[in-house]
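Structural overview
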Amino acid sequence: FGKGNVAFTMASTSGTYYYRQAIEDGGGNVQEWGQTIIPQSDPENPQTVLYGGSFVAFKSTEAKQKAAWLFMKFFTDTEQTARWGSVSGYMPVRASAAAMMDEYFAEEPIAKEQFDTIMPYGYPEPGVRGEQEIRTIIEDMLVKVFEGIAEPQEALDEAVAESNKALELGRE
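For the structure given in this document, a descriptive report is provided here. Keep in mind it's a predicted model, so treat the numbers as computed, not measured. (Residues numbered from 1 in each chain as written. Predicted model: local features only at pLDDT ≥ 70, side-chain atom pairs only at ≥ 80, totals over all residues. Heavy atoms only, no water.)

What follows covers the pattern of salt bridges. Using the criterion set out here, one finds five salt bridges in the structure. Across the salt bridge formed by E131 and R135, the nearest N and O atoms sit 3.8 Å from each other. Taken together, the residues E131 and R135, both in helix 7 (residues 131–146) and four residues apart, mark about one turn of the helix. On the accessibility criterion, E131 (14% relative accessible area) is buried. (Salt bridge = Lys/Arg side-chain N within 4 Å of Asp/Glu carboxyl O. Helix = DSSP H or I, 4+ residues; strand = E, 2+ residues; numbered from the N terminus. Buried < 20%, exposed > 50% of the residue type's maximum accessible area, 1.4 Å probe, protein only.)

Counting 11 residues, the largest nonpolar core consists of A82, M91, A97, A98, M101, Y104, F105, A111, F115, I118 and M119. Ignoring sequence-local partners within four residues, the contact set of I118 consists of T13, Q35, T36, I37, T48, M91 and E113. Residues I137, M141, A150 and A155 belong to the second largest nonpolar core, which totals five residues. (Core = buried A, V, L, I, M, F, W, Y, C linked by side-chain atoms within 4.5 Å. Contact = heavy atoms within 4.5 Å.)

Summed over the entire model, instances satisfying the criterion amount to nine aromatic pairs. Pairing Y19 with W33 gives two aromatic rings, centres 6.3 Å apart and planes at 45°, and the pair type is tilted. Residue Y19 is located in helix 1 (residues 16–25), and its partner W33 is located in the loop between helix 1 and strand 1 (48–50); the two are separated by 14 residues in the primary sequence. Given the relative accessible area of 13%, Y19 is considered buried. Where F75 meets W84, the ring centres are 5.4 Å apart and the plane angle is 65°; that geometry is what we call edge-to-face. Three or more aromatic residues joined by ring pairs make a cluster, and in this case those are F71, F74, F75 and W84. (Phe/Tyr/Trp six-rings, centres within 6.5 Å; stacked < 30°, edge-to-face > 60°.)

On to a nonpolar patch on the surface, then. The grouping of F8, M10, I38 and F146 at the surface amounts to a nonpolar patch, some 450 Å² of accessible area in total. Structurally, I38 can be placed in the loop between helix 1 and strand 1. The exposure class of I38 is partly exposed, given its relative accessible area of 41%. (Patch = residues over 30% accessible without salt bridge, like charges linked within 9 Å, V, L, I, M, F, W, Y side chains within 5 Å. Areas by Shrake-Rupley, 256 points an atom, 1.4 Å probe, with all protein chains shown as cover.)

Below is the structure:
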C-alpha cells in the first residue's frame, strides 16, 4: 500500500500513523489516500465494529474501587478524550471531544475523515467470552478467501464452526 502497489487495505484506524509512514517511505507513489467504512452488503444500513481497550475494575477494597472509578471517570471525560484522541492516533469516542479537536483535525484531515465517515456507523463488539478468538477466526477466513486458498462459502462455513466452538468454551 505504501508503495502504491495495491489499491486498498483493511485495518484499524489506529494504524494511521503506520500507513502515513509507509507512504512516506514508499517512494512517493501514493498521492492521495484516506480511510472510510468498509464496503457494506447493506449500504442503506452501514455498520462497523468499534474496537479498543476496555476498562475493568475488580472487586477490592472500597478505597481501591473508588480510586478506579474516579480514574475511569477522569480518563473518559470530554477533555481527556479529546486530548487522548489528538495524541494517540485513536478516534475520540465522544462527539463533544471531537468538537474540541478542530485544530487537530485541520492538521490531520485523515483523522477528521475517519471520525466523519466511520464513527456514525460504529457499534461495540459483543462482550462475550470467545470474541477475541472469533476476531482471529474471521481474519484467517478473509485471508483464505483473498489468497484463493478456500472458496468463500467453504471458508465461511469453517469460520462459523470454529466460532461456535469458541463460544461453547465460554459457556463452560
